[in-house]
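Structural overview for review
Residue strings, one per chain:
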Amino acid sequence: MPILYSYRRCPYAMRARMALKYAGIQLEHREIELRNKPQSMLLSSPKGTVPVLCVDDLILDQSLDIMRWALGKSDPDGWGAVDADISQAWIEKNDGPFKMLLDQYKYPNRYPDLNQETVFSAAIDLMFKPMEAALQSNQYLSGDQMTWIDVAIFPFIRQFAMVNPQRFNELPFTSVKQWVNQHIESELFHSVMHKYPAWID
């Protein structure tokens, strides 16, 4: 049975878990402690970040690779049917500059030289305005059908919203807020958010 090393609140692990669950992959879940990472995980993936999926001799330690592997096994609702250029553009924006802004917004003490209003405004311009425009035209980011792009980006948008829920709710992006809430309330999301005891080798 495949083994997944994960951390419940990590957005990278979250999107991997959602894809694995959607694809119906049976696996052994190993919840890690960030301050006490199991040796078995570090032997499989020395970089020491989650998620890590171990399938026999195959080691996948990038969340997008895990998502692609899962969809390659089973894709009942056609999550993989998305334009490659569109998906690449969203992922590069989310995993690159937006993730940096998210960290700066979430952990202001780590970035004392940055103006938080400037960080917030940059995140709005970079991610939320384009998302709102896309979601006003379609139900999802790449059309009227959910794809792996929505799932890959959702955990990061959720994390941004959770920093200051009131401020997020006051934003004039009705479509984005509906999109986020739809994912948060979904059976798929709830099914991958169980609390597990920390794995000890």
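Reading the values: rules and limits
- Residues numbered from 1 in each chain as written.
- Predicted model: local features only at pLDDT ≥ 70, side-chain atom pairs only at ≥ 80, totals over all residues.
- Heavy atoms only, no water.
- Helix = DSSP H or I, 4+ residues; strand = E, 2+ residues; numbered from the N terminus.
- Buried < 20%, exposed > 50% of the residue type's maximum accessible area, 1.4 Å probe, protein only.
- Contact = heavy atoms within 4.5 Å.
- Polar contact = N/O pair within 3.5 Å; in protein donor to acceptor, adjacent residues only side chain to side chain.
- Expected span 1.5 Å × (residues − 1).
- Core = buried A, V, L, I, M, F, W, Y, C linked by side-chain atoms within 4.5 Å.
- Pairing = 2+ DSSP bridges.
- Right-handed = clockwise from strand over helix to strand, strands pointing away.

1. Side note on the environment of Tyr-5
Locating Tyr-5 in the fold gives a position in strand β1 (residues 3–6). Given the relative accessible area of 2%, Tyr-5 is considered buried. Aside from chain neighbours lying at most four places away, what touches Tyr-5 is Arg-30, Ile-32, Pro-38, Ser-40, Met-41, Val-50, Pro-51, Val-52, Cys-54 and Trp-199. Here Arg-30 takes part through its side chain, which lies 2.7 Å from a polar atom of the side chain of Tyr-5.

2. Considering helix α1 (residues 11–22)
A rise of 1.5 Å per residue sets the reference length of α1, with its 12 residues, at 16 Å; its end C-alpha atoms lie 16 Å apart and thus fit the reference within 8%. By the criterion of burial, α1 is predominantly enclosed, with 10 of the 12 residues buried. For α1, the set of buried residues is Pro-11, Ala-13, Met-14, Arg-15, Ala-16, Arg-17, Met-18, Ala-19, Leu-20 and Tyr-22. Among the residues trailing α1, Gly-24 stands out with phi positive, at a value near 75 degrees.

3. Considering the nonpolar core
Residues Phe-128, Met-131, Trp-148, Ile-157, Phe-160 and Trp-179 are the most contacted members of the largest nonpolar core, which totals 57 residues. Taken together, the elements giving at least two residues each to this core come down to α1, β3 (52–55), α3 (63–73), α4 (84–106), α5 (116–137), α6 (148–163), α8 (174–184) and α9 (187–191). Counting residues per element, this core draws most heavily on α6, at 10 residues. Contacts of Trp-179, omitting those with residues within four sequence positions, involve Met-131, Leu-135, Gln-139, Tyr-140, Leu-141, Asp-150, Ile-153, Phe-154 and Ile-157. Core analysis: the second largest hydrophobic core is formed by 10 residues, Tyr-5, Ala-13, Ile-32 and Val-50 among them.

4. As for the pairing of β1
Of the two faces of β1, both are covered, the one formed by Ile-3 and Tyr-5 as well as the one formed by Leu-4 and Ser-6. In terms of strand pairing, β1 meets strand β2 (residues 28–31) through 4 bridges, oriented parallel. Counterpart to Ile-3 in the pairing with β2 is Glu-28. For the crossover that starts at β1, traverses α1 and ends in the parallel β2, the hand is right-handed.

5. Side note on the side chain of Gln-104
Note that Gln-104 resides in helix α4. If sequence neighbours within four positions are ignored, Gln-104 has contacts with Tyr-111, Leu-114, Gln-116 and Val-119.

6. Some words on the environment of Glu-117
In this fold, Glu-117 is placed in helix α5. Separated by 12 residues in the primary sequence, Glu-117 and Tyr-105 have C-alpha atoms spaced 9.0 Å apart.

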